[in-house]
Each structure stands twice: as C-alpha cells, then as structure tokens.
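# Understanding the architecture of this molecule
So the chains spell out like this:
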Amino acid sequence: MKVSEAILSRKTVRQFSDQPVSEALVRELIETAKRAPSGGNLQPWTLHVLTGEPLKALVEEVSGKLLAGVVEEAEYPSYPENLKDPYKTRRRIVGQQLYDLIGVPREDTPGKLKQLARNFRFFDAPVGIFFVLDRQMEVFQHADLGMFMQNLMLLAREKGLHTCAQGAWARWANTVSSSLGLADHEILFCGMALGYEDESAVINKLHSERAAFEDFVTLKGF
Ligand SMILES: Cc1cc2nc3c(=O)[nH]c(=O)nc-3n(C[C@H](O)[C@H](O)[C@H](O)COP(=O)(O)O)c2cc1C
C-alpha cells in the first residue's frame, strides 16, 4: 500500500468487528511506528495496550461510573473554551453529519450522550491503546506524540485495520491513570481504538470534509 493510499483510506471508525488483533501484529505496528520523529529524539511517548480481560475490566469500570452519574474532572479541555470560526463551524458540521447518519436528532441530548459513551467501550474494538506523556513535556512533545499516533494509524491501514483516536478518554483520566498504574508525573494524553471495521455499521460511512487548499495554504515564489 502506498502512503497516499493509507492516508486516503484512513478514517475514524466508530464500530469495530469482534475480529481479534494478535500480539504479534500489535508489536509489529508499534515497532514500525516508533520510527516517528521527535524533537531531540526524546521519544516522549509511553503506550499502554490493552486487550481481553484488562480491556474489559476497564471498560466495565468506566461504564459503571457512567451509569452511577460519576463525573471526573478532565485532564485536558477537549477544545478551547471559546472556539472561533472556522473551527467552531467545522466541529458543528462533522458532529451534525455523524448524528444525522445514525438518526439522532439535534435536540436528542440523551441520544448524543449515548453515542459519546460508546467511546468508553472503545467502540467494541478488540484493542485499546492509551498514550501517556511525562507532565514535564511541552507543546513540541505533544506534536511528537501526534506523529507517532499518525504513524500507527497509517500502518494499521496497511494491515487492513482501522483506528479511532480518542481524546474523549481525558474525561476519565483519573480512573484510567489508576487502572494503568500511572505515576504522578505521568499524564494520559489520548486513547485509540484499534481493530477491524464493522463494514455493516452505518456510523462508519461518515466521510468528513476538509477545507479547500486555498483556505489554508499561502504559496509564495512558485
Ligand atoms: C487527537 C484526536 C482526538 C479525537 N478524539 C475523538 C474522540 O474522542 N471520539 C471520536 O469519536 N472521535 C475522535 N477523533 C476523531 C475526529 O473526530 C476525526 O478525526 C475527524 O472528525 C475527522 O474525521 P476522519 O478521522 O474520519 O477523517 C479524534 C481525532 C483526533 C486526531
């Protein structure tokens, strides 16, 4: 598979099949993804990769807390407080497209929360990954980790797998941190679901838009 094919076929999958992913495959993906660049070659990332019982135990713990109405303080805000346009509109559009696709009307807040809660089951993916940073890290190290994550997402495509990057896990940072045994100096950055797409799931038909080249590129001297 060409890199461009991996990029163009990557999409966020929000319903996975129950086909398992072997340890050998997980290892291969991560071994290759770790060639991601990082400023000063810090390689600031730490990964926790869960499947089977440990994954089930965490998912059930969070589900139980959700049902009981427990709310944790998120480590990171998911978005800036007063998100400006065009970002605000882009976010609204993709959200609307998603809910239209799965038949959740705009005013159906419980329906939207139900979909949000699917995050905390990793959308039924057989593998859940947590990306962790040292709290000492700065903006560039967050970019480094983003590059690692993108490597992983593209390599997954090469092997016929799909992914969903999940900032939503920041809402359960305390629970996840204690379940993973993170140290005080560590911070949960992001989660990621990994597995095979459930091709029959309508939610996976979403094709998100992108801005036109002219809207975000300035060319000079060409
Ligand atoms: C860092 C990051 C965090 C994300 N967090 C979530 C999430 O918590 N839940 C979710 O359903 N999608 C999440 N997404 C997926 C985005 O919504 C998605 O990438 C965007 O809408 C573009 O769609 P596409 O990935 O299908 O091209 C996240 C993506 C990134 C890069």
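Our subject is the structure that appears above.
Quantities reported herein were computed from a predicted structural model and do not represent experimental measurements.

Look at helix H3 (residues 52–67) against helix H7 (residues 173–180): their axes get within 11 Å of each other, and the N-to-C directions meet at 150°. Classed by the angle they form, the pair H3 and H7 counts as roughly antiparallel. Viewed along their axes, H3 and H7 form a crossing whose handedness is right-handed. Of H7, the residues touching H3 (which contributes Leu58, Glu61, Val62 and Lys65) are Thr175, Val176 and Ser179. Residues that form the contact of H3 with H7 fall into these classes: three nonpolar, two polar and two charged.

This model, assessed by the stated rule, comprises eight aromatic pairs. Ring geometry for Phe131 against Phe148: centres 6.4 Å apart, planes inclined by 70°, an arrangement best described as edge-to-face. Of this pair, Phe131 sits in strand E2 (residues 127–134) while Phe148 is found in helix H6 (residues 139–158), placing the two residues 17 residues apart along the sequence. The exposure classification of Phe131 matches that of Phe148, with both residues buried. The rings of Phe120, Phe122, Phe130, Trp169 and Trp172 are connected pair by pair, giving a single aromatic cluster.

Attention shifts here to the site of the ligand. The ligand sits among 14 residues. The nearest are Thr12, Arg14, Gly167, Ala168 and Arg210. For the ligand, an oxygen atom lies 3.0 Å from a polar atom in the side chain of Ser208. Contacts to the ligand include Arg210, whose side-chain N or O atom sits 2.8 Å from an oxygen atom. Protein coverage of the free-state accessible area of the ligand, which is 610 Å², stands at 66%. Broken down by element, the shell around the ligand gets its largest block of residues, three residues, from strand E3 (residues 162–166). Here the residues of the shell around the ligand sort into five nonpolar, five polar and four charged.

Turning to the nonpolar core, a few remarks are in order. Of all hydrophobic cores here, the largest spans 25 residues; its most connected members are Phe131, Phe148, Leu152 and Leu194. Within the residue set of this core, elements represented by two or more residues are helix H2 (23–33), E2, H6 and strand E4 (186–195). Per-element accounting of this core gives the leading share, seven residues, to H6. Those residues in contact with Phe148 that sit more than four places away from it in its chain are Ile30, Ala33, Lys34, Ala36, Trp45, Leu47 and Phe131.

Moving on, we come to the sheet that holds strand E1 (residues 46–50). Reading across from one edge, E1-E2-E4-E3 is the order of the four strands in this open sheet, with antiparallel pairing throughout. Each edge of the sheet is formed by a strand with only one pairing partner; in this case those strands are E1 and E3. Here the strands of the sheet are splayed against their neighbours by 25° on average, with no regard to which way each runs. Two strands pair when backbone bridges link them, and E2 and E4 are joined in this way by eight bridges, in the antiparallel orientation. When the sheet's bridge partners are listed, Asp134 is paired in E4 with Glu186.

Here we come to the pattern of salt bridges. By the definition in use, this model includes nine salt bridges. As a salt-bridge pair, Glu60 and Arg121 come within 3.3 Å of each other at their nearest N and O atoms. Highlighted residues: Glu60 in helix H3 and Arg121 in the loop between helix H5 (109–118) and E2, separated in sequence by 61 residues. A salt bridge links Lys65 to Glu61; the shortest N-O distance between them is 3.6 Å. Of the two residues, Lys65 and Glu61 are both situated in helix H3; the distance of four residues between them amounts to about one turn of the helix. In this structure Lys65 comes out as partly exposed when scored by relative accessible area, which is 25%. Classification of Glu61 by relative accessible area gives partly exposed; the value is 34%. Counted as one network, the salt bridges with shared partners bring together Glu61, Lys65 and Glu72.

Procedures and definitions
Residues numbered from 1 in each chain as written. Predicted model: local features only at pLDDT ≥ 70, side-chain atom pairs only at ≥ 80, totals over all residues. Heavy atoms only, no water. Axes fitted to C-alpha atoms, helices over the stretch in contact; angles between N-to-C directions. Helix = DSSP H or I, 4+ residues; strand = E, 2+ residues; numbered from the N terminus. Parallel < 35°, antiparallel > 145°, perpendicular 65-115°, else oblique. Left-handed = near helix turned anticlockwise from the far one by under 90°. Contact = heavy atoms within 4.5 Å. Nonpolar A, V, L, I, M, F, W, Y, C, P; charged D, E, K, R; others polar. Phe/Tyr/Trp six-rings, centres within 6.5 Å; stacked < 30°, edge-to-face > 60°. Buried < 20%, exposed > 50% of the residue type's maximum accessible area, 1.4 Å probe, protein only. Near = heavy atom within 4 Å. Polar contact = N/O pair within 3.5 Å; in protein donor to acceptor, adjacent residues only side chain to side chain. Areas by Shrake-Rupley, 256 points an atom, 1.4 Å probe, with all protein chains shown as cover. Core = buried A, V, L, I, M, F, W, Y, C linked by side-chain atoms within 4.5 Å. Pairing = 2+ DSSP bridges. Salt bridge = Lys/Arg side-chain N within 4 Å of Asp/Glu carboxyl O.

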